[in-house]
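Structural overview
Each chain, letter by letter, is given below.
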Amino acid sequence: MSGSVEGDITVELHVPDFDAAVEFYDKLGFALMSRQNGELGYMVMRRSRSVIGFYGGSNKVYEHAYFQRYDTRTPRGYGVEIVIEVEEIDEVFRAIKSLRSEAIVEELVERPWGPRDFRLVDPFGFYLRITEKINWLVP
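Residues numbered from 1 in each chain as written. Predicted model: local features only at pLDDT ≥ 70, side-chain atom pairs only at ≥ 80, totals over all residues. Heavy atoms only, no water.

Digging into the packing of aromatic side chains
Think of a pair of aromatic rings as described by two things: how far the centres are apart, and how the planes are tilted against each other in angle. Let me state the cut-off plainly: Aromatic pairing here means that ring centres of Phe, Tyr or Trp (its six-membered ring) are within 6.5 Å. Orientation follows from the plane angle: under 30 degrees is stacked, over 60 is edge-to-face, and everything else is tilted. Burial classification: accessible surface area is computed with a 1.4 Å probe over protein chains only, and a residue below 20% of its type maximum counts as buried, one above 50% as exposed, and the rest as partly exposed.
Here the structure, examined in full by the defined rule, presents 7 aromatic pairs. On the numbers, 5.9 Å between centres and 85° between planes, the contact of Y25 with F30 is edge-to-face. Overall, the relative accessible area of 2% leaves F30 in the buried class. Each ring, one from Y66 and one from F67, has its centre 5.4 Å from the other, and the planes form 75°; the classification is edge-to-face. Within the aromatic cluster, the residues linked to one another by ring pairs are F24, Y25, F30 and F54.

Below, the structure is given as structure tokens:
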């Protein structure tokens, strides 16, 4: 991966299809930084200071030291909400709706606490909240 990233958290998602991940996350403004194919492939996408690593492959996730304890029917990302802040929320919403309108589980609305957001599920079952930039430190 070229360049440095100022953030200190990287999310890693285990997905069975890199091409579908690139197509979907590109609509959210992520750019492909690196990709290694193969049985244990790995891919990195970046949006500003946010980085997502993708483990590729098939059922290797079910052999992972931690994830193997869960039933193989458990949806990927169960119990996790990934929040992505954007400045151009209307554009991102239109891009996702044109690509995969069925992915949207909650339309773009203004929330009682201030920012507008929408909720969606990626092609692999990960739950995402796309929100306008907010100051998390101000109640």
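Regarding helix α1 (residues 18–26)
The condition is simple: Numbering of helices and strands starts at the N terminus; helices are DSSP runs of H or I of at least 4 residues and strands are runs of E of at least 2. Taken from the helix axis, the directions to the C-beta atoms give the arc we talk about. We define a polar contact as two N or O atoms separated by no more than 3.5 Å, with the added condition that, inside protein, one atom must be a possible hydrogen donor and the other a possible acceptor, whereas residues neighbouring each other in sequence contribute only through side-chain atom pairs.
Here α1 has its buried residues at F18, A20, A21, F24 and Y25. Seen from one end, α1 has its buried residues packed into an arc of 155°, which puts them on one side. Where α1 begins, one side-chain oxygen reaches toward the backbone nitrogen of D19, 3.0 Å away; that side chain belongs to D17.

What to know about the environment of A20
The condition that has to hold: Any two residues whose heavy atoms approach within 4.5 Å at even a single point are treated as in contact.
In this fold, A20 is placed in helix α1. Once the C-alpha coordinates of A20 and I104 are considered, the two residues, 84 residues apart in sequence, prove to be 16 Å apart. Leaving out residues up to four positions away in the same chain, A20 has contacts with P123 and F124.

Remarks on the pattern of salt bridges
Counted only if it meets this: A pairing counts as a salt bridge when a side-chain nitrogen of Lys or Arg comes within 4 Å of a carboxyl oxygen of Asp or Glu.
Applying the stated criterion across every chain yields a total of 11 salt bridges. In this structure, R35 and D19 form a salt bridge, with 3.0 Å as the shortest nitrogen-oxygen distance. Of this pair, R35 sits in strand β2 (residues 31–36) while D19 sits in helix α1, and the two are 16 residues apart along the sequence. Take R35: its relative accessible area is 33%, and that puts it in the partly exposed class. When the shortest N-O distance is used, the salt bridge between R116 and E132 registers 3.2 Å. A residue pair is termed long-range when its members are at least 10 positions apart, and R116 in strand β7 (residues 116–121) and E132 in strand β8 (residues 127–132) qualify at 16 residues. What makes R116 partly exposed here is its relative accessible area of 23%. Residues joined by salt bridges that share partners form a network here, namely E81, E106, R111, D117, R119 and R129.

Details of the sheet that holds β2
The condition that has to hold: Here the rule is simple: two strands pair whenever DSSP picks up at least two bridges between them. Fitted lines through C-alpha atoms give the axes, limited to the stretch in contact for helices. The angle between two N-to-C directions lies from 0 to 180 degrees.
Spatially, 4 strands are ordered β1-β4-β3-β2 in an open sheet, and the strand pairing comes out mixed. The sheet is open, and its two edges are formed by β1 (10–14) and β2, each paired on a single side. Neighbour to neighbour, the strand axes of the sheet diverge by 20° on average, direction disregarded.

Quick look at the layout of surface pockets
Heads up, the condition is: Only protein atoms enter the calculation, which uses a 1 Å grid: trapped sets of points that fit a 1.4 Å probe without letting it out are cavities, open sets showing protein on both sides within 12 Å along at least five of seven lines are pockets, and any residue with an atom within 4 Å of a point is a lining residue. Grid points are joined across faces, edges and corners, and a volume is the space filled by probe spheres set on the points. Under the convention adopted here, Pro, Cys and the residues Ala, Val, Leu, Ile, Met, Phe, Trp and Tyr are nonpolar, Asp, Glu, Lys and Arg are charged, and Gly plus all remaining residues are polar.
A volume near 1,100 Å³ is recorded for the largest pocket. Taken together, 36 residues form the lining of the largest pocket, with V11, E12, L13, V80 and I82 sitting closest to its centre. Those elements that place two or more of their residues in the lining of the largest pocket are β1, β4 (50–55) and β5 (81–86). For the lining of the largest pocket, the leading source of residues is β5, giving 6 residues. Among the residues forming the lining of the largest pocket, the class breakdown is 19 nonpolar, 6 polar and 11 charged.

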